[in-house]
Every structure is written in structure tokens, then in C-alpha cells.
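# Understanding the architecture of this molecule
So you can see what is in the structure, the chains are spelled out below.
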Amino acid sequence: LRMYLGSGLALVGLVVTVISASVVGALEEDTHGLLQLWMNPAWFAYIGASTVFGMCLHMVHRRYERRRCQGKPLPHSHILLPTTYAALSALFGTFSVVLAKCLSELLTAQIQGEDEIFKHWFTYATLFGWIAFVSVWLYRMNEALSLYDPLFVIPLLQTSFIFFAILSGGIFFEEFQEFQIANV
């Protein structure tokens, strides 16, 4: 029953995502345009909220882990430990998605001759940030597989990653500005 329920929810989520998808054309930004997106107050608010949320996840995880190691596990530890670990890991992974899309836009601008990206500090900061975030994501994803039941933690990792990737990409690239509740 759980498997059917989970599959049904995934299908409903997919349908809602496709129906309410942005109708805006492909993004084509150069270095200046991407820097403008970084300065969006909504993006700064999202980074701040993600940082606070990540710190809360980490504190909850540490508290539950500490009690588990002492032999006095808190209620629902078997669910909360992998859930907090997966959600925090996914936050790192989804920032790498935003940075990868920025790198893609920069390389497109370079190839089309619209911008000389290698002369700008933003390209190197984006590349370094992407390497850092994707490294943390891959490490924590592998660590989660060794710490927790893969049949439980893999769906947690994937759903957290997808949710936060949609949220961060939608905020950074301003895709939610075209969102209409009527589309749902």
C-alpha cells in the first residue's frame, strides 16, 4: 500500500509540475544578467532561509544522533535521523544545480561570442562554488547510503533534492514570477 501511495503521490506531483510549468522561453543570460539575478532580494532571502533551515536540521540531527549513541534514542529516531541528514544534504546539492545552470549560461554566452566570461571573476566564483557544493552533495549522498537503509534514504535524498532544486531554481531564475494559481 505504501509503495502505491508513494508512486501515486509522485505521479500527482509530476502532473502538477508539468501543468504549472513556466511558459517563459529559454533563459539566455550573460555575466551581467546573471549578476543581476544574484542581487535579487528574493534570492538573498532564500539563501538566508536555507541557511537557518540547514542549521536547524543539523541541530536536530546532532541531538537525535547524540541520544542514539548514548543508548537512549529519542522517539522516531529511525525516521528523523535519515530525514534530517537527507534534507540537509539536498540543500547543498541544489545550490550546485543553480550554479551549474549559471555555468551553462556563461558557456553559452562565450560560445555565441556575446561575452568573454574568462575575463570576469564571476565565472571563477561560480565554478569554484559549483565544485564545492557538488563535492559536499556527493560526499553526503554516499555517506547517507552507508549510514542508513538505502531503501529508505534514497527516496528521501531524491525527493529532497528535487523539491529544493525546483524551489531554488524557481527563485534564482525568477521562474515563479510567471506562475499562475489558475495553472494548477
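Residues numbered from 1 in each chain as written. Predicted model: local features only at pLDDT ≥ 70, side-chain atom pairs only at ≥ 80, totals over all residues. Heavy atoms only, no water.

## Digging into the packing of aromatic side chains
- Throughout the structure, instances matching the rule amount to 14 aromatic pairs.
- Between phenylalanine 95 and phenylalanine 133, the ring centres sit 5.6 Å apart and the planes meet at 35°, which makes this aromatic pair tilted. Placement of the pair is phenylalanine 95 in helix α4 (residues 77-111) and phenylalanine 133 in helix α5 (residues 121-147), with a sequence separation of 38 residues.
- Residue phenylalanine 133 is classed as partly exposed on the basis of its relative accessible area of 28%.
- Where phenylalanine 163 meets phenylalanine 164, the ring centres are 5.2 Å apart and the plane angle is 70°; that geometry is what we call edge-to-face.
- By the ring-pair criterion, three or more aromatic residues cluster together here, those being Trp38, Trp43, Tyr46, Phe92, Phe95, Phe133, Phe172 and Phe173.
- Taking NZ or CZ as reference, arginine 140 lies 4.0 Å from the ring centre of tyrosine 85, over its face. (Phe/Tyr/Trp six-rings, centres within 6.5 Å; stacked < 30°, edge-to-face > 60°. Helix = DSSP H or I, 4+ residues; strand = E, 2+ residues; numbered from the N terminus. Buried < 20%, exposed > 50% of the residue type's maximum accessible area, 1.4 Å probe, protein only. Lys NZ or Arg CZ within 6 Å of the ring centre and 35° of its normal.)

## Some points on the packing of α5 against helix α6 (residues 150-172)
- Taken N-terminus to C-terminus, the directions of α5 and α6 make an angle of 155°; their axes are 9 Å apart at the nearest point. As judged from the angle between their axes, α5 and α6 are roughly antiparallel. Of the residues in α6, those in contact with Trp137, Met141, Ala144 and Leu145 of α5 are Pro150, Val153, Ile154, Leu157, Gln158 and Phe161.
- Considered class by class, the residues forming the contact of α5 with α6 number 9 nonpolar, 1 polar and no charged. (Axes fitted to C-alpha atoms, helices over the stretch in contact; angles between N-to-C directions. Parallel < 35°, antiparallel > 145°, perpendicular 65-115°, else oblique. Contact = heavy atoms within 4.5 Å. Nonpolar A, V, L, I, M, F, W, Y, C, P; charged D, E, K, R; others polar.)

## A short note on the nonpolar core
- If you look at the biggest cluster of nonpolar residues, it comprises 33 residues, and the most contacted ones within it are Leu34, Trp43, Leu157, Phe172 and Phe173.
- Sort the elements by how many residues they give to this core and α4 lands first, with 11 residues. (Core = buried A, V, L, I, M, F, W, Y, C linked by side-chain atoms within 4.5 Å.)

## Some remarks on the confidence of the model for the chain
- Of the residues in the chain, 89% have a pLDDT of 70 or more, and the chain-wide mean is 88.
- In the model of the chain, helix α1 (residues 2-19) stands out as the element of lowest mean pLDDT, 72, in contrast to helix α3 (residues 41-69), which has the highest, 96. (pLDDT = per-residue confidence, 0-100.)

## Side note on the environment of alanine 100
- Note on placement: alanine 100 falls in helix α4.
- For alanine 100, a relative accessible area of 30% translates into the label partly exposed.
- Residues alanine 100 and leucine 127 lie 27 residues apart in sequence; the distance between their C-alpha atoms is 8.1 Å.

## Here we look at the pattern of salt bridges
- All chains considered together, the criterion is met by 3 salt bridges.
- A salt bridge links glutamate 65 to arginine 68; its shortest N-O distance comes to 2.4 Å. Here arginine 68 and glutamate 65 lie together in helix α3, a separation of 3 residues that amounts to about one turn.
- Its salt-bridge partner being lysine 101, residue glutamate 105 comes within 2.9 Å of it at the nearest N-O pair. You can see glutamate 105 and its partner lysine 101 sitting in helix α4, 4 residues apart, about one turn around the helix. (Salt bridge = Lys/Arg side-chain N within 4 Å of Asp/Glu carboxyl O.)

## With respect to a nonpolar patch on the surface
- A surface patch of nonpolar side chains, amounting to about 460 Å² of accessible area, comprises Leu107, Ile111, Phe118 and Tyr124.
- You can see isoleucine 111 is positioned in helix α4. (Patch = residues over 30% accessible without salt bridge, like charges linked within 9 Å, V, L, I, M, F, W, Y side chains within 5 Å. Areas by Shrake-Rupley, 256 points an atom, 1.4 Å probe, with all protein chains shown as cover.)

## Let's talk about unusual backbone geometry
- One non-glycine residue, histidine 76, lies in the positive phi region at around 65°.
- Inspection of the secondary structure assignment puts histidine 76 in the loop between α3 and α4.
- The class for histidine 76 is exposed, based on a relative accessible area of 53%.
- Of note, the phi angle at glutamate 174 is positive, near 55°, even though the residue is not glycine.

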